[in-house]
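Residue-level structure breakdown
Single-letter residue listing:
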Amino acid sequence: MTSSESTPSGPPQPAFAARVAEVGGSPVRDILAVTARPEVVNFAGGLPAPGLFDSEGVAAAFHAVLTEAPQRALQYSTTEGEPALRSALADRTTERGLATGPDDLLVTTGSQQALSLLVTALLEPGDTVLVENPCYLAALQAFGFAGARVVAVPCDEDGIDPDTLEELVVRERPKLLYTVPTFQNPTGRTLPADRRAAIAGVAARHGLWIVEDDPYGELRFEGERVPWIASYEDAYDRAVLLGSFSKVVAPGLRLGWLRAPAALRRACAIAKQAADLHTPTVNQLAAARYLADRDLDAHVARVAAAYRERRDAMLAGLADALPEGSVWNRPEGGMFLWARLPEGYDTTALLPRVVEQDVAYVPGAPFHADAPDRSTLRLCFVTHTPAEIEEGLRRLGKGLS
């Protein structure tokens, strides 16, 4: 039972729902609030580089929509999403190897809402959910608010091991598996194609839903693109694919989408009606206009090239910044790098001392659904320029010394 507050005018207010106290806030958001000062080199937030936004192209798209169709742009829309945007998204998804029609998609207010709608449509309190270890933090929050029982799947440097997954599915009888298989948050790792096919097979054999979150997949710097799990035949009737404009256009648009089998998609649409009726019309129409008038692929290629330079700048300076004996990965794309300090280091305890040096990271502990590895940390390498990254790593080394 959560506590109540007394009011000057009468008896205590009714208590908040227990889930609010049980789930708590986001450590990443809490860190961002502390490190919002402009002098801080912030490796903590998953913030795209604002200097790389195509602000001119986005402004032109909004201007065109508000000039040519203002009454439509400012009116209510359908829950499922604007047809022009769904059609453009369906074409992009089909071009990337997963045959998709406009009616296969539901537009959401960011991909985080897509996850929340799925939680509403699929989970009852006490249902079991499998997640990667470590896992995207906001997914753990969403499952926590649903009252789900969250079980972590042990992972290696490539992600989920399908044999271990199958053992857990048989033992735990989960309803769904949540995964970010490409440039995962927080680790930056990518699940190989053979494991994706095997995971689809596990889902087909045991009646498991797969929720495949892909906000970073287009930000590839090197290597070959890996097919979506949803594109494998075994997954066609049990996989949900989530996408977003946040990392490839701008997070302020708050535009995401989900691709799901028809019955589940309808259930999510009903949940969305109760949440916000529909995603803002003007944002959807502007995004559709942007896709029609601009070359998004060329823009993403420019962003990815800049992010590659920033990743390389971070990799070049980590050996001097982190204590001797630390290890880290080399992601082929995305936004994040995962590091582990030697045994005995606690990155949560060390963070205040690091922030005093005007630099920040996210401790690894909150990303774990089970016993946390307190020596780990996540670094976002895309927000700052290479020169700023070099300075940030110098400060980080001073804070950790």
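Quick caveat, the model's predicted, so the values are computed rather than measured.

1. Some points on the overall build of the protein
Along the protein, the regular secondary structure elements total 14 helices and 15 strands. Over its C-alpha trace the protein gives a radius of gyration of 22 Å, about what one expects of a compact globule, namely 21 Å for 401 residues. Its C-alpha atoms give the protein principal-axis dimensions of roughly 65 × 55 × 50 Å. Taking all 401 residues of the protein together, 54% fall into the buried category. Element-wise, carbon and sulfur atoms account for 52% of the exposed surface of the protein, whose accessible area totals about 17,700 Å². Side-chain charges of the protein comprise 38 positive and 52 negative groups, with the mean position of each set lying 2 Å from the other.

2. A few points about the sheet that holds strand 12 (residues 336–340)
Taken in spatial order, the four strands line up as 11-12-15-14 in an open sheet, and their pairing is antiparallel. Edge positions in the sheet fall to strand 11 (327–328) and strand 14 (362–363), since each has one partner strand and no second. Relative to strand 12, strand 11 is paired through two bridges, and the arrangement is antiparallel. Paired with V327 across the bridge in strand 12 is R340.

3. Section: unusual backbone geometry
The omega torsion of the bond from N133 to P134 falls at 0°, within 30 degrees of zero and hence cis. Inspection of the secondary structure assignment puts P134 in the loop between strand 3 (128–132) and helix 7 (137–145). With an omega dihedral of 20°, the bond running from N185 to P186 counts as a cis peptide bond. Mapped onto the fold, P186 is located in the loop between strand 7 (176–179) and helix 9 (193–206).

4. Notes on the nonpolar core
Counting 97 residues, the largest nonpolar core has F143, Y178, F245 and L396 as the members making the most contacts within it. Take this core: its biggest share by element is nine residues, from helix 12 (residues 296–321). Residues in contact with Y178, not counting those within four places in the same chain, are L115, L130, V131, E132, C135, Y136, A139, F143, V211 and D213. Formed by 22 residues, the second largest nonpolar core is a distinct cluster that contains L130, V151, I199 and V202.

5. Things to note about the packing of helix 3 (residues 55–68) against helix 11 (residues 281–293)
Direction vectors running N to C along helix 3 and helix 11 enclose 115°, while the axes themselves pass 8 Å from each other. Where helix 3 crosses over helix 11, the handedness of that crossing is right-handed. Contact residues: G57, V58, A61, F62, A64, V65, L66 and E68 in helix 3; V282, N283, L285, A286, R289 and Y290 in helix 11. Partitioning the contact of helix 3 with helix 11 into residue classes produces ten nonpolar, two polar and two charged.

6. Concerning the packing of aromatic side chains
Per the counting criterion, the structure on display carries five aromatic pairs. Aromatic side chains F221 and F381 sit 6.2 Å apart centroid to centroid with 70° between the ring planes, which places their arrangement in the edge-to-face category. A residue pair is termed long-range when its members are at least 10 positions apart, and F221 in the loop between strand 8 (209–213) and strand 9 (239–244) and F381 in the loop between strand 15 (376–380) and helix 14 (386–400) qualify at 160 residues. Residue F221 is classed as buried on the basis of its relative accessible area of 9%.

7. Observations regarding the pairing of strand 7
Alternating positions in strand 7 separate into two faces, L176 and Y178 on one and L177 and T179 on the other, with burial throughout. In this structure, strand 3 lies alongside strand 7, joined through three bridges in parallel fashion. Residue pairing in the sheet places V129 in a bridge with L176 of strand 7. Pairing of strand 7 with strand 8 involves four bridges; the strand directions are parallel.

What counts and what doesn't
- Residues numbered from 1 in each chain as written.
- Predicted model: local features only at pLDDT ≥ 70, side-chain atom pairs only at ≥ 80, totals over all residues.
- Heavy atoms only, no water.
- Helix = DSSP H or I, 4+ residues; strand = E, 2+ residues; numbered from the N terminus.
- Rg over C-alpha atoms; globule rule 2.2 N^0.38 Å.
- Buried < 20%, exposed > 50% of the residue type's maximum accessible area, 1.4 Å probe, protein only.
- Areas by Shrake-Rupley, 256 points an atom, 1.4 Å probe, with all protein chains shown as cover.
- Lys, Arg positive; Asp, Glu negative; His and termini not counted.
- Charge placed at Lys NZ, Arg CZ, Asp CG, Glu CD.
- Pairing = 2+ DSSP bridges.
- Core = buried A, V, L, I, M, F, W, Y, C linked by side-chain atoms within 4.5 Å.
- Contact = heavy atoms within 4.5 Å.
- Axes fitted to C-alpha atoms, helices over the stretch in contact; angles between N-to-C directions.
- Left-handed = near helix turned anticlockwise from the far one by under 90°.
- Nonpolar A, V, L, I, M, F, W, Y, C, P; charged D, E, K, R; others polar.
- Phe/Tyr/Trp six-rings, centres within 6.5 Å; stacked < 30°, edge-to-face > 60°.

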